[in-house]
Number of protein chains: 2
Amino acid sequence: MSDSDVDLPESIELAWGLRERPGKGPKRSLTLEQVLAAGIRVAEADGLAAVSMSRVAGELGVATMSLYRYVPAKHDLLELMADAAYGPPPEVRRPDEGWRPALARWAAGNIAAIHRHPWIRHVPVGGPPMGPNGVRWLEHGLAALRGTGLRADERVSTVMLVSGYARNWASLTADITEAAARAGQSAEELGVRYWQRLERLTRGGSYPEIRQLLTESVVENAEEFDAEWRFGLDRLLDGVEVLVAGRAAG
Amino acid sequence: MSDSDVDLPESIELAWGLRERPGKGPKRSLTLEQVLAAGIRVAEADGLAAVSMSRVAGELGVATMSLYRYVPAKHDLLELMADAAYGPPPEVRRPDEGWRPALARWAAGNIAAIHRHPWIRHVPVGGPPMGPNGVRWLEHGLAALRGTGLRADERVSTVMLVSGYARNWASLTADITEAAARAGQSAEELGVRYWQRLERLTRGGSYPEIRQLLTESVVENAEEFDAEWRFGLDRLLDGVEVLVAGRAAG
DNA sequence: TAGCTTCTGCGTATGGTCTACGCATTAAAG
DNA sequence: CTTTAATGCGTAGACCATACGCAGAAGCTA
């Protein structure tokens, strides 16, 4: 109870529903959930850049300033929207499931969440996860590593490593997909274009490795897109496995 | 020569100095380098949020709209600033150097660059690297993997994997460092606070793994900060090594 | 040398952004 | 019934990016 009053950021208390509502004044006309849902609706429709306080308020049929009774600042609105949009993590690791498939499933869930709400990647992250869903995701990620013999800090680092990779990869592919949509081309065409451009830029300069790359075929079609994701994930999990195996032996 | 006219984004042509300057009108009073340097100066002093067109123009003693003669839009200014701030990559792999230490050095250089200019992490990335420095970094990253038997797409994926990890880790630590500076606390204290907060939030809920974590010590001091970085990197490189060794054998 | 063309810097104006402040209204507590 | 606190929100201030157009500078051509 000495640390019962660890002070939390206001937006986090809001998200967890820890704000006492003494119910003195008039009844509130909205809930935080409604505000977040409206923000998400706007982001889904027109991208994160379209999420302005006035636009979200308009979506709810209230005045702009009313939102500030539900959220301390726009930045908090965005963070809370992201946490809400992530949704619940994939099912926890089953008793009969190995750590590796479990972690792979968790990573895939991460990708899926970002691809389901591509605007999430533009929400600036501010520190480690503390939102309700963020904490649940952390919990399930750690659950995948139970019984591996990894130390506490190693388990945390591993989960961060995997989620970081998932986020990066999802961001990159979403960037390409959106750029392709904007240009009216396929993602495949756009991938080819990148290497054409690199070819043009490295002409005349001293870029032996890149020039070498261009002689081998680096073309990617849609199926190899997924293969690329799995390549990185396999590298990552192989690296973890080396450690796990070493711990089990030593 | 059929692909001699691959069209490049305007900002990229600008950065590479590929814009013909027919020299018809009056002499320009600035160079792109000066504009970028001014923007970087502002970001360095007051953060990326302080970088507005008018502020950068003021720094240079010109009118706001004059900047648009050097840069198509603010977004391009930021991208170009980031590319310039990265600077040249670490020395290429030496002939006697193994791929693993070379890639580790390259990764460390990545970290150093972001820590030298912490605002870089807030510049929204838009696709694969095409700026002059971005391409040079790519070149040196690939050079570390020469002779490993990895295919072209595998080399590229590996480099992306490592740079992504470096960026993520540098971002996280920079977030913590800045938050600590704002709160007048040490990064160590703030790390402890995170776990205290997590303890508070997971009380009463169903978070067995996180609760378990809290019983083991997850405290990090400044030295373990660096150990955490190395842990992730070792996992990553171990994973690559498994593949490289397999290729050498098979 | 005269005129034409093109490029420069930049003043003005438009339509946005976030949010501090204060006020009238509502509802519960004493 | 009075006191107290919380709500919705109108107004206003301080920014922001950038479209447009113009006056002047510099080179090219005749």
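Residues numbered from 1 in each chain as written. Chains lettered and ligands numbered in written order. Predicted model: local features only at pLDDT ≥ 70, side-chain atom pairs only at ≥ 80, totals over all residues. Heavy atoms only, no water.

Chemist: How would you summarise the relation of the copies chain B and chain A if you had to cite specific residues and measurements?
Modeler: The operation relating chain B to chain A is a screw motion whose rotation component is 180°, with 0.0 Å of axial translation and a residual RMSD of 0.1 Å. Given the turn and translation reported, the copies of this chain are related as if by a two-fold rotation axis. If distances are taken from each C-alpha of chain B to the rotation axis, the shortest is found for G239(B), at 1.9 Å. A share of 98% of interface residues in chain B that are also interface residues in chain A marks the association as one of identical surfaces. (Least-squares fit on C-alpha atoms with pLDDT ≥ 70 in both. Contact = heavy atoms within 4.5 Å.)

Chemist: Report on the protein's contact with DNA strand C, specifying residues and quantitative values.
Modeler: Neighbouring DNA strand C are 27 residues, the closest being Y68(A), P26(B), S29(B), R69(B) and Y70(B). Near-protein atoms of DNA strand C (within 4 Å) split between backbone and bases, with sugar and phosphate holding 63%. The separation between a base nitrogen of DNA strand C and a polar main-chain atom of K24(A) is 3.3 Å. Considering only residue class, the surface near DNA strand C consists of 10 nonpolar, 8 polar and 9 charged. (Near = heavy atom within 4 Å. Polar contact = N/O pair within 3.5 Å; in protein donor to acceptor, adjacent residues only side chain to side chain. Nonpolar A, V, L, I, M, F, W, Y, C, P; charged D, E, K, R; others polar.)

Chemist: Describe the pattern of salt bridges, naming the residues involved and giving the relevant values.
Modeler: For the structure on display, the rule yields 42 salt bridges over all chains. A salt bridge links R121(A) to D175(A); the shortest N-O distance between them is 2.9 Å. With R121(A) in the loop between α5 (99–116) and α6 (132–143) and D175(A) in helix α7 (residues 152–183), the pair connects residues that are 54 residues apart, well separated along the chain. For R121(A), a relative accessible area of 10% gives the class buried. Residue R41(B) is joined to E59(B) by a salt bridge in which the shortest nitrogen-to-oxygen separation is 3.4 Å. Of this pair, R41(B) sits in helix α2 (residues 32–46) while E59(B) sits in helix α3 (residues 53–60); the two residues are 18 residues apart in sequence, bridging distant segments of the chain. Look at E59(B) and you get partly exposed, because its relative accessible area is 36%. Three or more residues joined by partner-sharing salt bridges are found here, namely R100(A), D234(A), R235(A), D238(A) and E241(A). (Salt bridge = Lys/Arg side-chain N within 4 Å of Asp/Glu carboxyl O. Helix = DSSP H or I, 4+ residues; strand = E, 2+ residues; numbered from the N terminus. Buried < 20%, exposed > 50% of the residue type's maximum accessible area, 1.4 Å probe, protein only.)

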